[in-house]
Amino acid sequence: MALAIFDLDNTLIAGDSDYLWGQFMSHEGMVDAASFHDGNEYFYRQYEAGTLVLSEYLDFCLEPLTRYTLDELKVRHDQFMEQTIRPIMLEKAANLLKKHRQQGDHLMIITATSRFVTEPIAKAFDVDTLLAIELEIKDNRYTGKVVGTPTFQEGKVIRLKQWLQENSEYSLEGSYFYSDSKNDLPLLGQVDHPFAVDPDPELTTVAHEKGWPVISLR
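Please read these numbers as outputs of a predicted model, since none were measured by experiment.

Trainee: Mind showing me how you'd approach the sheet that holds strand β4 (residues 141-147) here?
Mentor: Either a parallel or an antiparallel arrangement is found when strands of a sheet pair, and the pairing is made through backbone hydrogen bonds. Here we have seven strands laid out as an open sheet, ordered β4-β3-β2-β1-β5-β6-β7, and mixed in their pairing. Because the sheet does not close on itself, it has two edges, and the strands there are β4 and β7 (214-215). Pairing between strand β5 (residues 176-179) and strand β6 (residues 193-197): four bridges, direction parallel. When the bridges of β6 are listed, Phe-177 appears paired with Pro-194.

Trainee: Honestly, the side chain of Asp-9 in this entry has me stumped. Any pointers?
Mentor: Looking at where Asp-9 falls in the secondary structure, it is placed in the loop between β1 (3-6) and α1 (17-27). We note that Asp-9 is buried and unpaired, the nearest opposite charge coming from Lys-156 at a distance of 7.5 Å. A distance of 2.7 Å separates a polar atom in the side chain of Asp-9 from a polar atom in the side chain of Ser-17. If sequence neighbours within four positions are ignored, Asp-9 has contacts with Gly-15, Asp-16, Ser-17, Asp-18, Thr-111, Thr-113 and Asp-180.

Trainee: Teacher, can you tell me more about helix α6 (residues 115-125) here?
Mentor: Think of an α-helix as turning once every 3.6 residues; residues three or four places apart then point the same way. Of all the positions in α6, only Phe-116, Val-117, Thr-118, Ile-121, Ala-122 and Phe-125 are classed as buried. Among the structural elements, α1, α4 (70-85), α5 (91-102), β2 (106-114), β3 (129-138) and β4 are those in contact with the buried residues of α6.

Trainee: So what exactly am I meant to see when it comes to the packing of aromatic side chains here?
Mentor: Any aromatic ring pair is given by two values, namely how distant the centres are and how the planes are angled relative to each other. Within the structure shown, the criterion is met by 17 aromatic pairs. Residues Phe-36 and Phe-60 carry aromatic rings whose centres are separated by 4.4 Å and whose planes lie at 20° to one another, so their mutual orientation is stacked. Of this pair, Phe-36 sits in helix α2 (residues 33-49) while Phe-60 sits in helix α3 (residues 54-62), placing them 24 residues apart in sequence. For Phe-36, a relative accessible area of 6% corresponds to the buried category. Between Tyr-176 and Tyr-178 the ring centres are 6.4 Å apart and the planes differ by 5°, which places this aromatic pair in the stacked class. Take Tyr-176: its relative accessible area is 17%, and that puts it in the buried class. On the basis of relative accessibility, which here comes to 4%, the residue Tyr-178 falls in the buried class.

Trainee: Honestly, the nonpolar core in this entry has me stumped. Any pointers?
Mentor: One broad trend across soluble globular proteins is that nonpolar side chains are buried collectively. Residues Phe-6, Trp-21 and Phe-125 are the most contacted members of the largest nonpolar core, which totals 56 residues. The element contributing the most residues to this core is α3, with six residues. With near-sequence residues (within four places) excluded, Phe-6 lies in contact with Leu-12, Leu-96, Leu-97, His-100, Leu-107, Met-108, Ile-109, Ile-110, Phe-177 and Tyr-178. Judged by nonpolar contacts, the second largest core, of 19 residues, contains Leu-131, Leu-187, Val-206 and Ala-207.

Trainee: Help me out: how do you make sense of the packing of α4 against α6 in this one?
Mentor: Axis angle and axis distance: for two packed helices, these are the angle between their axes and the distance between the axes, and together they describe the pair. Taken N-terminus to C-terminus, the directions of α4 and α6 make an angle of 55°; their axes are 10 Å apart at the nearest point. By the angle between their axes, α4 is oblique relative to α6. Our pair here, α4 against α6, has a crossing hand that is right-handed. On α6, the residues that touch Leu-73, His-77, Phe-80, Met-81 and Ile-85 of α4 are Phe-116, Val-117, Pro-120, Ile-121 and Ala-124.

Trainee: Explain the environment of Asp-139 here, please?
Mentor: Positionally, Asp-139 belongs in the loop between β3 and β4. We classify Asp-139 as exposed; its relative accessible area is 76%. Separated by 49 residues in sequence, Asp-139 and Leu-188 place their C-alpha atoms 38 Å apart.

Rules used in this analysis
- Residues numbered from 1 in each chain as written.
- Predicted model: local features only at pLDDT ≥ 70, side-chain atom pairs only at ≥ 80, totals over all residues.
- Heavy atoms only, no water.
- Pairing = 2+ DSSP bridges.
- Helix = DSSP H or I, 4+ residues; strand = E, 2+ residues; numbered from the N terminus.
- Buried < 20%, exposed > 50% of the residue type's maximum accessible area, 1.4 Å probe, protein only.
- Lys, Arg positive; Asp, Glu negative; His and termini not counted.
- Salt bridge = Lys/Arg side-chain N within 4 Å of Asp/Glu carboxyl O.
- Polar contact = N/O pair within 3.5 Å; in protein donor to acceptor, adjacent residues only side chain to side chain.
- Contact = heavy atoms within 4.5 Å.
- Phe/Tyr/Trp six-rings, centres within 6.5 Å; stacked < 30°, edge-to-face > 60°.
- Core = buried A, V, L, I, M, F, W, Y, C linked by side-chain atoms within 4.5 Å.
- Axes fitted to C-alpha atoms, helices over the stretch in contact; angles between N-to-C directions.
- Parallel < 35°, antiparallel > 145°, perpendicular 65-115°, else oblique.
- Left-handed = near helix turned anticlockwise from the far one by under 90°.

This is the structure:
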């Protein structure tokens, strides 16, 4: 049984779930729309450029979650799933997941977005395992703090290796990883079968240099 690992944002879905959640919060009046929109745009551009300072971004995007109980957030996220996410879940992505499932592979999403935002999406795709940024919870609320190593850039490799230590029946032998982003080059370099999916320019260049397959799920 091989690991079939997938990035989420702009790979399995046609957009960035964290950015879109920020837009949703602004539209729904959960945050001050003008100021949060500007910050959301600023950090998303940093991410695209590969210059994101993760700690600064997390301080920005996690603070609004602390204002609501987990139950209140679930109601909001259910709306978000139906209005925003399900329309951008890619059919070709679902077919690729189905192919790996039929091969008997273990399906995993590793994402640099929080578990809060991504767990319902992972469940909708019916993957076996989700590795995401883990958030601290106290008194039925998020505290705005992160638990453990964030799954971003080299952090994806660290968290995957931790998972492999805890799940010794799996290894990277025969493994796949599908991603759109240069931020995932550390993990793409670890697997046996790296795939660039609708890649950004830098990942496109590296993929061609290394002979990695370049595919589209759009």
